[in-house]
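An overview of the molecular structure
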Amino acid sequence: CGLVFETQSSKHRAEIIQMYVDPKHQGNGIGLALLKTVQNVALDKYQITEIFLEVAKENHTAIHIYRNNGFTPKYFVEKNPDTIILTHNLKNMTKV
């Protein structure tokens, strides 16, 4: 999993660059656990209040996980119409 913190325009935003689970281990809750860990570390250790990520439109499983965990669609990427940007405001997140 990759996490990048913005330091120029906003010190409270982060982007998840890559997050994936080996296909042999998918469906066992690993992706959800990884996502929750990233959210908790971002909020607790770095005081991040917003996380965003880009996901392929056809990756319905990932979109479902993100949407069920507080991420909402923000916009489509003009340079890559096959992806969507999702964001999550961590200010009111319930920690697990």
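First things first, this report covers the structure right here in the doc. Owing to the predicted nature of the structure, the values given are computational and were not obtained by experimental measurement. (Residues numbered from 1 in each chain as written. Predicted model: local features only at pLDDT ≥ 70, side-chain atom pairs only at ≥ 80, totals over all residues. Heavy atoms only, no water.)

Next up on the list: unusual backbone geometry. Even without being glycine, Gln 47 reaches a positive phi, approximately 55°. Within the secondary structure, Gln 47 sits in the loop between helix H1 (30-46) and strand S3 (50-56). (Helix = DSSP H or I, 4+ residues; strand = E, 2+ residues; numbered from the N terminus.)

Time to look at the side chain of Gln 39. When you line up the elements, Gln 39 lands in helix H1. Residue classification places Gln 39 among the buried residues on the basis of a relative accessible area of 1%. When neighbours within four sequence positions are excluded, Gln 39 is seen to be in contact with Ile 51, Asn 69, Phe 71, His 88, Leu 90 and Met 93. (Buried < 20%, exposed > 50% of the residue type's maximum accessible area, 1.4 Å probe, protein only. Contact = heavy atoms within 4.5 Å.)

Before going further, it helps to spend a moment on the pattern of salt bridges. Counted by the stated rule, this structure contains two salt bridges. Between Arg 13 and Glu 50 there is a salt bridge, with the nearest N and O atoms lying 3.7 Å from each other. Here Arg 13, found in strand S2 (residues 13-16), pairs with Glu 50, found in strand S3; they are 37 residues apart in sequence, far enough to count as distant. Since its relative accessible area comes to 24%, Arg 13 is described here as partly exposed. Glu 50 is the partner of Lys 74 in a salt bridge, and the nearest nitrogen-oxygen pair spans 3.9 Å. With Lys 74 in strand S4 (residues 72-77) and Glu 50 in strand S3, this residue pair connects regions lying 24 residues apart in the sequence. (Salt bridge = Lys/Arg side-chain N within 4 Å of Asp/Glu carboxyl O.)

Counting residues in hydrophobic clusters, the biggest one holds 18 residues, and the most contacted among them are Ile 16, Ile 51, Leu 53, Val 55, Tyr 66 and Phe 71. At the level of secondary structure, the elements contributing two or more residues to this core comprise S2, H1, S3, helix H2 (60-68) and strand S5 (80-89). When residues no more than four places from it in sequence are discounted, the contact partners of Leu 53 are Ile 16, Tyr 66, Phe 71, Ile 84, Ile 85 and Leu 86. (Core = buried A, V, L, I, M, F, W, Y, C linked by side-chain atoms within 4.5 Å.)

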